[in-house]
Amino acid sequence: MKLEVVLAARGPRVLTIDAAASIRVAVARLAEHNIGALVVVDAAGHPIGILSERDVIRALAAGEDALALTVGDLMTSPVIAATPADDAEAVLQTMTTNHFRHVPIVDHGVLVGIVTIGDLVRAQLIEVRGEVVTLETRLMDA
Amino acid sequence: MFDRLPTPYGLVRHGVAPDHQKIKAVTRGFAETAADPRFRFYGNVEFGADLTLCDLQRLYHQVLFATGAQSERRMGIPGEDLCRSYPATEFVAWYNGHPDYRDLAFDLSAETAAIVGVGNVAIDVARILCLSPQELRRTDMAPYAVEALTQSRVRDVYLLGRRGPAQAAFTNPELKEIGELAQADVVVHPAEVQLDPLSMEELARSGDRLLARKVDLLQTYAARPPAGRARRLHLRFLVSPVALLDDGRGGVGGLRLARNRLARSVAGTIVAEATGELETLMAGVVFRSVGYRGVALPGVPFDERWGVILNERGRVLDPETEKPVVGEYAAGWVKRGPSGVIGTNKPDALETVAEMAADAAAGRVLSPADPSRAALDALLAASRVRPVSYADWQHLDALEAAAGERAGSPRVKFTSREEMFRALGRQ
Ligand SMILES: Cc1cc2nc3c(=O)[nH]c(=O)nc-3n(C[C@H](O)[C@H](O)[C@H](O)COP(=O)(O)OP(=O)(O)OC[C@H]3O[C@@H](n4cnc5c(N)ncnc54)[C@H](O)[C@@H]3O)c2cc1C
Ligand SMILES: NC(=O)c1ccc[n+]([C@@H]2O[C@H](COP(=O)([O-])OP(=O)(O)OC[C@H]3O[C@@H](n4cnc5c(N)ncnc54)[C@H](OP(=O)(O)O)[C@@H]3O)[C@@H](O)[C@H]2O)c1
């Protein structure tokens, strides 16, 4: 299964933020939309990093005055991005190995979406359940 | 339930291969739903032409779109539209007797055919091209297609995969089946199914036994000496068509193929990368089997990028606000794209139905002016629509099965609306 199948039923929402924005603004945006990460983009809209809630928590735990910092200070950069043609399973593996939960999706240089571990698991569950349905149908037929 | 065709079952009738009758039996599970007094089927009623979104909003509290993927994905290479370069989508609909495709013609006078893509649809097309007339007659393929395929001069069929054997989209039962064809030898280049280090690493890491079995099977085919059968089905890997070649008369004469090697994308996928080497495959007919694509429905938000209705877990979204549109939902291929077997649509639909139930419980539904059957029937009667009921379909179904019994096949399909209305005594 390709990522495009995961993205198709995900809705278009991908929230971005400027590297110069303050962490206070970023945190407010994460809370407002109830999400875990923002894609950091340059003036042309290209992803240059990602800011996850974990980045903020880590800074807070280290005793930093995180809210006074900028997104650029705390973001992970460069960011590992995927394309819609990437295999969902391979991307899930990459995310697990590298311990990240969000991957921006870039198509020919344009940011077109984001997938979370949850999105990938949801799509895989549908696929696996579908295979079970298929097997059940075959058994009932036999 | 409305369908633009007089008959129900979508791709189960017009996509699933005619020699795969067991799979088509899944329709039997629908009888119970169809018998429910709360359910009615209106065949031959097209959304967007015979019924508009406005009409439905006046009649129903919720509307679900499950219109599938009615078009094809393009390869985007020169020569794609030469004569005898056909989308697999059309070939499949034609041999399965889809009323809108029955009048197409496929020129099968060339000896070599190439199929681009190595998904299950590509395998279906390859297998159909390799069946003997006797085998074809035992299927429910449209009679005109059996006739045309009986005249086919195609002897060599090439399936072209751009990545390696471990990345092939076809599934094991389908791969196994082509190895058992009575009339065709499967030909595989040993070097092309030798696993590269990346795929080997992937296989070891995942411990995927089905994938190991697939690769194994391909290697077994590669080692098998041809038995001299009438046709040859060649499975090629690591080649991407970069152009279809003109035979000088506007028809396909061959394909320019770029040889690939495998690499890993930054996100971890094993992808094809051109080596710079090119080769030419001479072929007089090409089937492009690189995927289906959804089409937009009038008035329903569409996501051009993915070719699906703009949705989140089946709830249709407003493109401006990105918030759910009250009362509109999607399921199946028009929701997630043209991927997955019949069974996948059940959990996929369950997800949407859960959203529908939650919205209904919360009162987030449409407020139809007249949600009655009488209102619908009046609307259809006022237009020139001739709806086909489920009872009508059962009648057609019985006639098709009876004709099949006489012909020694599972069924003989009606392939035009006129035939169907005549059989229903409604001409
Ligand atoms: C060639 C082929 C072979 C396949 N073989 C298998 C197989 O062997 N086993 C397997 O498990 N899966 C198989 N599949 C996959 C399976 O067919 C799909 O997963 C499934 O059919 C998708 O269901 P759907 O309801 O989304 O779309 P569809 O089955 O395409 O149904 C869509 C329906 O909507 C109707 N419609 C479209 N537009 C309108 C409109 N405007 N108004 C009213 N009605 C409309 C169509 O007429 C059609 O009946 C195959 C697919 C293909 C393409
Ligand atoms: N018997 C069955 O159960 C059955 C039968 C038919 C269909 N189905 C299901 O229906 C769905 C659709 O099937 P499908 O075969 O249409 O799609 P698919 O499984 O997605 O296969 C598409 C194939 O086309 C290739 N491709 C795509 N773009 C290409 C390009 N530009 N150049 C060269 N190759 C290209 C893909 O290669 P890459 O992988 O490299 O992109 C892949 O091999 C699938 O889920 C399938 O399993 C099931």
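Because the structure is predicted, anything quoted here is derived from the model rather than measured.

Structural notes on the sheet that holds strand β17 (residues 311-312) of chain B
Whenever strands of a sheet pair, they do so through backbone hydrogen bonds, lying parallel or antiparallel. All names here are of chain B. Read from one edge to the other, the open sheet built from four strands follows the order β3-β19-β18-β17, with strand pairing classed as mixed. Edge positions in the sheet fall to β3 (63-65) and β17, since each has one partner strand and no second. Note that strand β18 (residues 315-317) and strand β19 (residues 324-330) share two bridges and pair antiparallel. Each residue of the ladder has a partner; that of L317, found in β19, is P324.

A look at the pairing of strand β3 (residues 47-52) of chain A
Residues and elements named next belong to chain A. In terms of residue burial, β3 counts as a mostly covered element, since five of its six residues are buried. The pairing of strand β2 (residues 37-41) with β3 spans five bridges and is classified as antiparallel. Residue pairing for β3: V40 is matched across the bridge by G49. Two successive antiparallel strands, β2 and β3, enclose a turn made up of five residues, where G45 displays a positive phi of approximately 90 degrees.

Section: helix α14 (residues 373-382) of chain B
Residues and elements named next belong to chain B. Within the span of α14, buried status applies to A375, L376 and L380. Here the buried residues of α14 occupy an arc of 130 degrees about the axis, which is enough to place them on one side. Of the exposed residues in α14, those oriented more than 90 degrees away from the buried face are A374, A381 and A382. Those residues of α14 that are buried are in contact with β1 (2-3), β2 (42-43) and α4 (53-59).

Section: unusual backbone geometry
Following S77(A), the chain continues to P78(A) via a peptide bond in cis, the omega torsion being -5 degrees. By secondary structure assignment, the location of P78(A) is in the loop between α4 (71-74) and α5 (88-98). Although it is not a glycine, H99(A) adopts a positive phi angle of roughly 55 degrees. The residue H99(A) is located in the loop between α5 and β4 (102-107) in this model. Accessibility expressed as a relative area gives 63% for H99(A), which makes it exposed. With a phi angle near 60 degrees, L238(B) is a residue other than glycine that sits in the positive phi range. Residue position: L238(B) is located in the loop between β9 (231-236) and β10 (239-246).

Quick look at the domain arrangement of chain B
Residue and element names in this part refer to chain B. One can read the domain layout of chain B as domain 1 (10-69 + 294-401) and domain 2 (74-290). Inter-centroid distance (C-alpha atoms) of domain 1 to domain 2 is 33 Å. Between domain 1 and domain 2, the contact holds ten residues from the first and 15 residues from the second. Of the roughly 940 Å² buried at the junction of domain 1 and domain 2 (both faces included), carbon and sulfur atoms supply 51%. Sorting the residues of domain 1 by area buried against domain 2 places H14, P18 and D19 first, and these three jointly supply 59% of that buried surface. Between R127 and D19 there is a salt bridge, with its nearest N and O atoms 2.7 Å apart. Broken down by class, the residue content of the side of domain 1 that touches domain 2 amounts to three nonpolar, four polar and three charged.

Considerations on the environment of D140(B)
Residue and element names in this part refer to chain B. By the secondary structure assignment, D140 is in the loop between α7 (133-137) and α8 (143-150). Sequence-wise, D140 and N96 are 44 residues apart; in three dimensions their C-alpha atoms are separated by 7.7 Å. Ignoring anything within four residues of it in the chain, the contact list for D140 reads P18, Q21, K24, P410, R411 and K413. Within the structure, the side chain of D140 is placed 3.1 Å from the side chain of Q21, a separation counted as a polar contact.

What counts, and where the lines are drawn
- Residues numbered from 1 in each chain as written.
- Chains lettered and ligands numbered in written order.
- Predicted model: local features only at pLDDT ≥ 70, side-chain atom pairs only at ≥ 80, totals over all residues.
- Heavy atoms only, no water.
- Pairing = 2+ DSSP bridges.
- Helix = DSSP H or I, 4+ residues; strand = E, 2+ residues; numbered from the N terminus.
- Buried < 20%, exposed > 50% of the residue type's maximum accessible area, 1.4 Å probe, protein only.
- Arc of directions from axis to C-beta.
- Contact = heavy atoms within 4.5 Å.
- Domains from an automatic or database assignment.
- Buried area = accessible area lost by both parts, 1.4 Å probe.
- Salt bridge = Lys/Arg side-chain N within 4 Å of Asp/Glu carboxyl O.
- Nonpolar A, V, L, I, M, F, W, Y, C, P; charged D, E, K, R; others polar.
- Polar contact = N/O pair within 3.5 Å; in protein donor to acceptor, adjacent residues only side chain to side chain.

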